[in-house]
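# Architecture at a glance
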There are 2 protein chains.
Amino acid sequence: MDPIVVVDVMGGDFAPSVVIDGIMSAVQADQFLHIIAVGLPDAISSLEGVERVTCVGASQVIAMDEHPAHAIRSKKDSSIVVGCKLVKSGDAQGFFSAGSTGAVMAAATLGIGRLKKVSRPVLATVLPAIDTPVILGDIGANADCKPDYLVQFALMMQAYATTVLEVKKPRVRLLNIGEEETKGSQFAQECFALLKESVPHFEGNIEGKEILTSMTDIIVTDGFTGNITLKTLEGTSRIVLDQVKAALTANLFSKLYAAPLAGQVRKLKEEMDPDQFGGAPLLGTKGVVVIGHGSSSALAISNGIQVTATAIRNELTNKVASALSED
Amino acid sequence: MDPIVVVDVMGGDFAPSVVIDGIMSAVQADQFLHIIAVGLPDAISSLEGVERVTCVGASQVIAMDEHPAHAIRSKKDSSIVVGCKLVKSGDAQGFFSAGSTGAVMAAATLGIGRLKKVSRPVLATVLPAIDTPVILGDIGANADCKPDYLVQFALMMQAYATTVLEVKKPRVRLLNIGEEETKGSQFAQECFALLKESVPHFEGNIEGKEILTSMTDIIVTDGFTGNITLKTLEGTSRIVLDQVKAALTANLFSKLYAAPLAGQVRKLKEEMDPDQFGGAPLLGTKGVVVIGHGSSSALAISNGIQVTATAIRNELTNKVASALSED
């Protein structure tokens, strides 16, 4: 069966235009992909008649800065809520949005529903580390966690690693402030003990300085620590690259020499761009949900849609469910 | 009265040689500075007879990987324990070491003792942000915190900012996962409420991506989050700069053009080097304590000693004490 992905045409800072471009590019790249484009009638009109694209109107849009829970309750005909309903009803198997992360998480958890045995869905992201990519989660779905949530997060991310990134035996580490089992907060120590007991290929702690070193496939943490870590990493990387650019063009002399190198630095920026991995999967709901950066480009949207399709083809939802039922 | 700083000659990956160089450079830079150099007799012998340097022998050394609490109990004649005793006895007003952070924290807290009203000393660090430096703490002294600890941390870091960095009204923000007061874990929300009530110039939350933007003078957090944040920041910055270097020298063509730019990138690396700020102050003990990076160079050691001296001259210890008694 060909994968059917619902796409939120209104999601993202540059919606709807880049989303429409992303949809066009995705259906061209994958000739078996079907898309249901959800958005304001005006926004989706240009997609009418495109092969393998079905348009579904929604009369409302949830803005980036709206309170998530309130927004999904008060805007029942928004593209995000309508999109999740189409997955819930079985019209599609996955949902991609570059809209408000909080609203998508809330709509997906309530609208699509959690898989049996899932205490809390986990929001993960794929980081471009030195050699192999690394999956980090939770990056913000759950600010307060219990140790057994982290076990579930690890197992669900392992299902994602095998299904979407084709990692055979995904290694897991716990984000902590030292290598030894006895390091860290009381919470971290309890998590360590449970992970050691319940998660295959759990290899101990990992420190902040090692996140990008590819020494593991999966880094598990609570949503508070994970969100701060991810944003610190993104912010630092951006600021350092900006400083490099400024240093290289500090004077006419260095400008002359730096000009031919601009391409190398740009290429590096692209290699380190998380958008290449197509967004953040929300794992634990009864359907595939992938959330793109608000600042997503058309390429990032297209990648995100294709990752959603890959996850559907490789039965991510079933794999997540069975990872937890074996637990 | 001239400042007297105890220096742990055995502390750091390149001790004793770089520490001795650092001591020589510090006494040359500051003609009123007195140093008590503590270490193995062989290690300190070259300092005998140096003006304004007093040598004190210690027969033991605490290694970087020893269990801190166990090490300070079992090695009572180590340079770290002896150094702290010299502050406790009043022979010196401050202690600098680039040795094991855990051992120095433990020895200082137990050996020098906490100031009245201090629940837990805080380990802080000064980060080179875009415009003005930013103080981040706790970076690892307290993995488990209560909300009122963070109020004390903020007040103690404010005393450091005014005393050592000469910031007049140090602005404080809480490291969190969103801007609004209602964001974050239960713990973060409780901290927000207390900080708002008790800390002058508290300006709300700050996210991970904003740490280096100089939008605040002080960032307060618990030691678990702070340690992971700091290490993520250092690790990311190092890896990005390494990648830039690799990209710039990827082929003969770019190598030719990049060679004259190497100086710019090196300068940038130095500007972003936390060593320029002389190490991490441990605030809340009855004496000035500054802990250097294990990998400290002679320059970093010299800076660390001079920061310790500045803190003594400007009466950091009294300022920290009175910041808490006004609370």
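This one's a predicted model, so the numbers in the text were calculated from it and none came from an experiment.

## As for unusual backbone geometry
In this structure, Pro16 of chain A follows Ala15 of chain A across a cis peptide bond, with omega equal to 0°. Here Pro16 of chain A shows up in the loop between strand 1 (4–8) and helix 1 (17–29). Of note, the bond from Gly137 of chain B into Asp138 of chain B is cis; its omega dihedral lies within 30 degrees of zero at 0°. Located in the positive-phi region is Ser214 of chain A, a residue other than glycine, with phi close to 60°. By the secondary structure assignment, Ser214 of chain A is in the loop between strand 8 (202–206) and strand 9 (218–220). Exposure remark for Ser214 of chain A: the relative accessible area of 10% places this residue in the buried category.

## Section: the packing of helix 6 (residues 147–163) of chain A against helix 7 (residues 186–198) of chain A
Residue and element names in this part refer to chain A. Contact geometry for helix 6 and helix 7: axes closest at 8 Å, N-to-C directions at 45°. When the axes of helix 6 and helix 7 are compared, the pair comes out oblique. Regarding helix 6 and helix 7, the two cross each other, and that crossing is right-handed. In contact with Pro147, Asp148, Leu150, Val151, Ala154 and Leu155 of helix 6, helix 7 contributes Phe187, Glu190, Cys191, Leu194, Leu195 and Ser198. A class-by-class count of the residues in the contact of helix 6 with helix 7 yields nine nonpolar, one polar and two charged.

## Comments concerning the nonpolar core
Val9, Ile23 and Ile305 of chain B are the most contacted members of the largest nonpolar core, which has 62 residues in total. Among the elements that line this core, the one with the most residues is helix 6 (residues 147–163) of chain B, at eleven residues. Discounting chain neighbours no more than four positions away, the residues touching Val9 of chain B are Ala15, Pro16, Val19, Ile20, Ile23, Ala37, Val38, Gly39, Ala43, Ile44 and Leu47 of chain B. Judged by nonpolar contacts, the second largest core, of 61 residues, contains Val7, Ile35, Cys145 and Ile218 of chain A.

## Side note on helix 8 (residues 223–248) of chain B
Residues and elements named next belong to chain B. If you check helix 8, its first and last C-alpha atoms are 37 Å apart, about what 26 residues at 1.5 Å a residue would give, namely 38 Å. Counting buried positions along helix 8 yields 20 of 26 residues, so the element is predominantly enclosed. With a side-chain oxygen lying 3.0 Å from the backbone nitrogen of Phe224, the N-terminal cap of helix 8 falls on Asp222.

## Observations regarding the side chain of Asp138 of chain A
All names here are of chain A. You can see Asp138 is positioned in the loop between strand 6 (134–137) and helix 6. One buried charged side chain, Asp138, makes no salt bridge at all; its nearest oppositely charged neighbour is Arg120, positioned 8.6 Å away. Reaching out from Asp138, the side chain makes a polar contact with the backbone nitrogen of Leu123 at a distance of 3.3 Å. Among the polar contacts made by the side chain of Asp138, one reaches the main-chain amide nitrogen of Ala141 at a distance of 2.9 Å. What Asp138 contacts, discounting residues up to four positions off in sequence, is Val122, Leu123, Phe153, Thr221, Asp222, Gly223, Gly226 and Asn227.

## Some remarks on the environment of Glu203 of chain B
Summarising the element assignment, Glu203 of chain B is placed in strand 8 (residues 202–206). Put simply, Glu203 of chain B and Phe192 of chain B are eleven residues apart on the chain and 9.9 Å apart in space, counted from C-alpha to C-alpha.

## Let's talk about the confidence of the model for chain A
Of all residues in chain A, 91% attain a pLDDT of 70 or more, and the chain-wide mean is 92. ipTM for the predicted complex: 0.90, alongside a pTM of 0.92.

## Thoughts on the packing of aromatic side chains
All names here are of chain B. Under the definition given, this model contains four aromatic pairs over all chains. Judged by centre distance (5.3 Å) and plane angle (80°), the rings of Phe192 and Phe202 are edge-to-face. With a gap of ten residues between them, Phe192 in helix 7 (residues 186–198) and Phe202 in strand 8 connect regions that are remote in the sequence. Phe192 sits in the buried class, given a relative accessible area of 7%. When its relative accessible area of 14% is taken as the criterion, Phe202 is described as buried.

## Some points on the pairing of strand 6 (residues 134–137) of chain B
All names here are of chain B. Covered by surrounding structure in strand 6 are Val134 and Leu136 together with Ile135 and Gly137, the residues of both alternating faces. In this sheet, strand 6 lies alongside strand 5 (residues 122–127) in antiparallel orientation, the contact comprising four bridges. What sits directly across from Thr125, in strand 6, is Leu136. Two strands pair when backbone bridges link them, and strand 6 and strand 9 (residues 218–220) are joined in this way by three bridges, in the parallel orientation. Across the sheet, the residue bridging to Gly137 is Val220, located in strand 9.

## Some points on the side chain of Asp30 of chain B
Residues and elements named next belong to chain B. Within the fold, Asp30 resides in the loop between helix 1 (17–29) and strand 2 (34–39). Judged by relative accessible area, which is 11%, Asp30 ranks as buried. A polar contact of 2.9 Å, which involves the side chain of Asp30, links it to the side chain of Arg313. Each residue touching Asp30, except ones within four places of it in the same chain, is listed here: Arg52, Ala309 and Arg313.

## As for the sheet that holds strand 4 (residues 94–97) of chain A
All names here are of chain A. Reading across the sheet, the eleven strands line up as 3-2-1-4-11-10-5-6-9-7-8 and stay open at both edges, with mixed pairing between neighbours. Of all the strands in the sheet, just strand 3 (53–57) and strand 8 have a single pairing partner and so form its edges. Mean inter-strand twist for the sheet, computed between neighbouring axes without regard to direction, equals 25°. Across three bridges, strand 7 (residues 172–175) lies against strand 8 in parallel orientation. Residue pairing for strand 8: Val172 is matched across the bridge by Phe202. Against the sheet, helix 1 contacts strand 1, strand 2 (34–39) and strand 3, and its axis sits at roughly 170° relative to strand 2.

## Examining the pattern of salt bridges
Residues and elements named next belong to chain A. Summed over the entire model, instances satisfying the criterion amount to twelve salt bridges over all chains. With a shortest N-O distance of 3.0 Å, Asp217 and Arg171 are connected by a salt bridge. Of the two residues, Asp217 sits in the loop between strand 8 and strand 9 while Arg171 sits in the loop between helix 6 and strand 7, which places them 46 residues apart along the sequence. Judged by its relative accessible area of 8%, Asp217 is buried.

Reading the values: rules and limits
All residue numbers here refer to positions counted from 1 along the written sequence of the relevant chain. In the order they appear in the text, chains get letters beginning with A and ligands get numbers beginning with 1. At least 70 in pLDDT is required for a residue's local features to be given in this predicted model, at least 80 for side-chain atom pairs to be given and counted, and no such filter applies to totals for whole chains, interfaces and linings, which use all residues. Side-chain numbers here rest on the full set of heavy atoms in the structure, without hydrogens or water. The way it works is that DSSP assigns letters per residue, a run of H or I at least four long becomes a helix, a run of E at least two long becomes a strand, and they are numbered from the N terminus. To sort residues, take the accessible area from a 1.4 Å probe on protein chains only and compare it with the maximum for the residue type: under 20% means buried, over 50% means exposed, and anything in between is partly exposed. Angles run from 0 to 180 degrees between N-to-C directions of axes, and those axes are lines fitted to C-alpha atoms, restricted for helices to the stretch in contact. Note on angle classes: values under 35 degrees are labelled roughly parallel, values over 145 roughly antiparallel, values of 65 to 115 roughly perpendicular, and the remainder oblique. Should the near helix be turned anticlockwise from the far one by less than a right angle, the crossing is left-handed, and should it be turned clockwise, the crossing is right-handed. By the convention used here, residues are in contact when the closest approach between their heavy atoms is within 4.5 Å. Under the scheme applied, nonpolar residues are Ala, Val, Leu, Ile, Met, Phe, Trp, Tyr, Cys and Pro; charged residues are Asp, Glu, Lys and Arg; polar residues are all the others, including Gly. We define the nonpolar core as a collection of buried residues of types Ala, Val, Leu, Ile, Met, Phe, Trp, Tyr and Cys that are connected through side-chain atoms lying within 4.5 Å of one another. Expected helix span is given by 1.5 Å per residue-to-residue step, counting one fewer step than there are residues. What qualifies as a polar contact is a pair of N or O atoms within 3.5 Å, subject to a donor-acceptor requirement within protein and to the restriction that residues adjacent in sequence count only when both atoms come from side chains. The charge count treats Lys and Arg as positive and Asp and Glu as negative. His and the chain ends do not count. Take a side-chain nitrogen of Lys or Arg and a carboxyl oxygen of Asp or Glu: if they are within 4 Å of each other, that pair is a salt bridge. For every residue, the pLDDT score states the predictor's confidence, bounded by 0 at the bottom and 100 at the top. We call Phe, Tyr and Trp rings a pair once their centres come within 6.5 Å, taking the six-membered ring for Trp, and we label the pair stacked below 30 degrees between planes, edge-to-face above 60, and tilted otherwise. Between any two strands, pairing holds if DSSP finds at least two bridges.

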